[in-house]
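Observations on chain architecture
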Amino acid sequence: MDQKELREWEAKCIQEEPPACRAGCPLNVDARAFVLSMARGDLDAARAVLEKSMPLAAVTARLCEAPCEVYCIRKDLGGAIAVGGLERLCIRETSPKGKIPRLPARPRKVAVIGSGPSSLTVAFDLARKGHPISVYHLGEKPGGWLRGLDESILPQSVLDAELQRLGSLHVTFVAVPALDAALIEAHPADAVYVGQDDTIAPDLLDLLTPPDPETMALERPGWFTGGLAGREFRFISAVSQGREAAVSIDRFLQNASLTSSRVPLRDGRTDLFTQTFGIEPVERVVPSGQGGFTRDEAVREAGRCIDCQCLECVKHCVYLAEHGGYPKSYARRVFNNSAIVQGMRQANTFINSCSMCGQCETLCPNDFSMADMCLDARREMVNLNRMPPSAHWFALEEMRSAKDAQAALIRHAPGASASDAIFFPGCQLAGIRPEQTLRLYDRLLEIEPRTGIWLDCCAAPAHWAGRQEEFVAILSEMEKIWSGMGRPMVVTACSTCLKMFREHLPAFGAVSVWTLLSESGVQASSTGRPLALSDPCTSRHDAQTRDAVRSLLARLGQPLAELPMSGELTECCGFGGLMDNANPALARKVAQARVAQSEADFLTYCAMCREQLSRTGKPVLHILDLLFPETARPAQEPPAGISARRVNRRRLKDELLARHGLDRGPKEPWEDVRLVVSGEVAAMLEERRILEDDVRRVLFAASKGGRVLRHAGDGRIIAASRLGEVTFWVEYREGEDGYEILKAWSHRMRITGGDL
Amino acid sequence: MSLVFIPEDMDWVCEPCGERLQPGKVELTYLGNAFHVELPVCPKCGAVYIYEELALGRIHEVEQLLEDK
Ligand SMILES: [Zn+2]
């Protein structure tokens, strides 16, 4: 990912856009943070939010007309949050937070004519930046019309204290008899501000042309104004104009452009999306007394805040929630990971954990696709030879094994010399439900006798792993094989295969077996009890298949339990994108979260979903259990597991070949090594991703004169073999019924000169 | 990666050598990095024993670190 791509990804995620209230504040006060602090009862933190953005917060918070409330998303759900009322309570109940920091002194002077709110804002903002300021005011004390306010609104002592704080920032107050033209002409300042929210003499007003509305600059260089008549809000609009003028004056004094890369006022405009569906209306809290909210009332009122966030994707995705951020921050993580020259690439596992299920893209108002971002990143890692070798190793090995001579097969139907269609069950259905795969094939032969069979893997693991070169090579090989069969229509029972073929081998004209079955009738019956139908994530954009499955189920009379995240919004089982390989613990969590969404037993039409979801202990049926009741497996049946899948694929191939009077040819020499594996050891092997086939190969090598270790005390034996990139160790005893396996472990590190 | 990794139970005999394992110097490599460590080896043929706890513990850790480097 380069800088430009990072910017493009970042721009798609709107989570960092301001909430409507903040966008509606001319001072850019983070009203959401303020209200949330109030809701927690942390008034000091709330005040700190106000002081961060407000000039003279003790005055501003008391008089602010709260234009933000107009934009509040709560407005139609019980009424906007009473931000103005909360500000007043907060400022009353807390004290100022120490000294206001001032930047190093600067040489050029500023004269401020008038001492209304806009003028005081200019003085405050510029004094903090180190400019020496003189404020010219009428009357005994500065403040203009603020001096005429009732004590209940603005106590004069509060105003005095705030002006004293201004004084500590090197603001000098000068009482003058008139704010007139003579005053401005006599003053030696480098810049002048005229605050029209005070009593300006007519001769000076005559000199003022209408200012530039964005910069508040007058025609005469160095002259600025604000606090104009006709403002929407008497107080806060004046403060806003003062602030904009102060920005301009600061730029003017530094000889910088007044306009370049200036952030315009948002007037409530924001791209932040906030979902309000499901948010119950709550009425505004009405202050019990005359003087506004009590502390308790304020906390309750603040508690109505929706805490506007987008997080549409994060709310539904265990993976996105797990890593504590949101797509925009994740884009930076991916970028940093790729930019690292030396040191740890901390985001490797993060990048490899995305299931690429596409739910985020469907939920996102801007179609941010974590799948695309992570796939690009994985491809880059592979190309730069930075992909951790273990990240996708197991799935790639499984893919290669499903494609090897022991498992792969392509044949016309027995007795046929050509195929109009070819059944591609998918390597996982073949591995997990071999008998049902055969039964399904038989049904397809009834519908279309010239249906061939193709046992293979669609290469999705290579695609997900970012191994583009390998993926393309496999696809082109598959296209050749398929052409050799006379280019039959490909019928698949796996949504992933279907997606892969449609996207990468469109010539296949691939269709779902469920669509085919729904068109030709079924004889089966329902379980009677409602089942939660979990669509595989690879069917997200395949409404045709999803509808076909539902119509099949309707014809069986199978009632369905509600499962909110279904159809286009469906969730991954934890296998997609090879999440289960790179981050097995997270994949377990994803599956747990999925099955927790319904009390009902689950039903799916993806073999891998059946495998992954049933690992949680949840009863899960495959649709074939309903369609062919004579082959049904109980919903409670545990998953097949990694070892059985390998054996099942070989057996399925044997059975299909037997129909042609053929056999598989020479078996692997280790294939019939007999193992005795307890349930406990089987679970250990599964968790450590060690196949019984691996164990067989190690033991076969040992039996052929390999070196072993024998325990001098109890006779246990240890054997080891390097199989590809991994060294496998097996601890066992020799028994009557075969090898009794006690333990197995593996590592990738090599021993110079060999292992055992 | 350092240094000496010897399991509690060293009561293992190499077959067919018939020799009891003893601590010995071994070189381990992964992704172009080499480590010199002391592991149980057969004094006669030099066969090395990587015991379960070592494989799943320290070796796995170092493999992961090197893969992310
Ligand atoms: Zn030996």
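Residues numbered from 1 in each chain as written. Chains lettered and ligands numbered in written order. Predicted model: local features only at pLDDT ≥ 70, side-chain atom pairs only at ≥ 80, totals over all residues. Heavy atoms only, no water.

1. A look at the sheet that holds strand β14 (residues 620-622) of chain A
All names here are of chain A. Taken together, the four strands give an open sheet; going across it, the order is β12-β11-β13-β14, and neighbouring strands pair in parallel fashion. The open sheet terminates on both sides in strands that have one partner only, identified here as β12 (560-561) and β14. Of the strand pairs in this sheet, strand β11 (residues 531-534) and β12 are connected by two bridges, and their pairing is parallel. Its bridge partner lying in β12, L531 is registered against L560. (Pairing = 2+ DSSP bridges. Helix = DSSP H or I, 4+ residues; strand = E, 2+ residues; numbered from the N terminus.)

2. Structural notes on the interface of chain A and chain B
Each partner contributes to the interface: chain A provides 32 residues, whereas chain B provides 35 residues. Among the residues chain A hides against chain B, the three largest losses belong to R707, L709 and M749 of chain A. Together they make up 22% of the total. Between D9 of chain B and R716 of chain A there is a salt bridge whose closest N-O contact spans 3.7 Å. Run the count over chain A and chain B and you get 16 residue pairs in polar contact (both at pLDDT 80 or more). Looking at the side of chain A that touches chain B, the elements with two or more residues in it are β16 (708-711), β19 (738-747) and β20 (750-751) of chain A. Taken together, the two bridges between β20 of chain A and strand β3 (residues 22-30) of chain B define a ladder with antiparallel strand orientation. Bridge assignment links R750 of chain A to a residue of β3 of chain B, and that residue is T29 of chain B. (Contact = heavy atoms within 4.5 Å. Buried area = accessible area lost by both parts, 1.4 Å probe. Salt bridge = Lys/Arg side-chain N within 4 Å of Asp/Glu carboxyl O. Polar contact = N/O pair within 3.5 Å; in protein donor to acceptor, adjacent residues only side chain to side chain.)

3. A short note on the nonpolar core
All names here are of chain A. The biggest cluster of nonpolar side chains holds 79 residues, and the ones touching the most others in it are Y319, L320, M370, M373 and F501. A per-element tally of this core places helix α18 (residues 370-383) first, with seven residues. Looking at which domains feed residues into this core, each of domain 3 (312-391) and domain 4 (394-648) supplies at least three. If we ignore the near neighbours within four places in the chain, the residues touching F501 are F424, C458, M478, V490, P506, F508 and A510. Within the second largest apolar cluster, 68 residues are counted, among which are M54, A82, V158 and L163. (Core = buried A, V, L, I, M, F, W, Y, C linked by side-chain atoms within 4.5 Å. Buried < 20%, exposed > 50% of the residue type's maximum accessible area, 1.4 Å probe, protein only. Domains from an automatic or database assignment.)

4. Some details on the coordination of the zinc ion
Here the zinc ion is held by C14 of chain B (SG), C17 of chain B (SG), C42 of chain B (SG) and C45 of chain B (SG), and the distances to it run 2.2 to 2.4 Å. One can describe the donor arrangement at the zinc ion as tetrahedral, given that its four donor atoms subtend angles of 107 to 115 degrees at the metal. (Donors = N, O, S within 2.8 Å, 3.2 Å for Na, K, Ca; no water. Tetrahedral: all angles 85-135°; square planar, octahedral: opposite > 155°, others 65-115°.)

5. Let's talk about the packing of helix α3 (residues 31-39) of chain A against helix α4 (residues 43-53) of chain A
All names here are of chain A. The interhelical angle for the contact between α3 and α4, taken along N-to-C directions, is 165 degrees, at an axis separation of 7 Å. Relative to α4, the element α3 lies roughly antiparallel. The handedness of the crossing between α3 and α4 comes out as left-handed. Residue-level inspection shows A33, F34, S37 and M38 of α3 in contact with α4, the latter providing L43, A45, A46, V49 and L50. For the contact of α3 with α4, the residue count by class is eight nonpolar, one polar and no charged. (Axes fitted to C-alpha atoms, helices over the stretch in contact; angles between N-to-C directions. Parallel < 35°, antiparallel > 145°, perpendicular 65-115°, else oblique. Left-handed = near helix turned anticlockwise from the far one by under 90°. Nonpolar A, V, L, I, M, F, W, Y, C, P; charged D, E, K, R; others polar.)

6. Remarks on the domain arrangement of chain A
Each assigned domain of chain A is listed with its residue range as follows: domain 1 (18-96 + 297-302), domain 2 (110-253), domain 3 (312-391), domain 4 (394-648) and domain 5 (671-747). One C-alpha centre belongs to domain 3 of chain A, the other to domain 5 of chain A, and the line joining them spans 37 Å.

7. What about unusual backbone geometry?
In this chain, E15 of chain B is followed by P16 of chain B through a cis amide linkage whose omega measures 10 degrees. Here P16 of chain B shows up in the loop between β1 (12-15) and β2 (19-20). Residues other than glycine seldom take positive phi values, yet D367 of chain A does so here, at roughly 60 degrees. On the secondary structure map, D367 of chain A appears in the loop between α17 (359-363) and α18. The backbone of A459 of chain A sits at a positive phi, close to 80 degrees, despite the residue not being glycine.

8. So, the confidence of the model for chain B
Looking at chain B as a whole, the pLDDT averages 94, with 97% of positions reaching at least 70. Per the prediction output, this complex has pTM 0.88; the corresponding ipTM is 0.98. (pLDDT = per-residue confidence, 0-100.)

9. Concerning the pairing of strand β17 (residues 717-723) of chain A
Residues and elements named next belong to chain A. Of all seven residues making up β17, six are buried, and the element is well covered by its neighbours. When β16 meets β17, the two strands line up antiparallel, connected through two bridges. Of the residues in β17, the one forming a bridge with L709 is I718. Where β16 hands over to β17, the hairpin turn is made up of five residues, of which G715 adopts a positive phi near 80 degrees. Bridging between β17 and strand β18 (residues 726-735) involves seven bridges; their strand directions are antiparallel. Counted as the bridge partner of S721 is F728 from β18.

10. Notes on the pattern of salt bridges
Residues and elements named next belong to chain A. Inspection of every chain in the model, using the stated rule, returns 61 salt bridges over all chains. Here E16 and R332 are joined by a salt bridge, their closest N and O atoms 2.5 Å apart. In this pair, E16 is assigned in the loop between α1 (3-12) and α2 (20-23) and R332 in helix α15 (residues 327-339), connecting sequence segments 316 residues apart. According to the relative accessible area criterion, E16 is partly exposed, its value standing at 36%.

11. Focus: the sheet that holds strand β5 (residues 223-226) of chain A
All names here are of chain A. Across the sheet, five strands lie side by side as β3-β2-β1-β4-β5; this open sheet has parallel pairing. Looking at strand neighbours, the two that pair on one side only are β3 (171-175) and β5, the edges of this open sheet. The mean angle between the axes of side-by-side strands here comes to 20 degrees, regardless of whether they run parallel or antiparallel. Pairing of strand β1 (residues 110-113) with strand β4 (residues 191-195) involves four bridges; the strand directions are parallel. By the bridge assignment, V112 is partnered in β4 with Y193.

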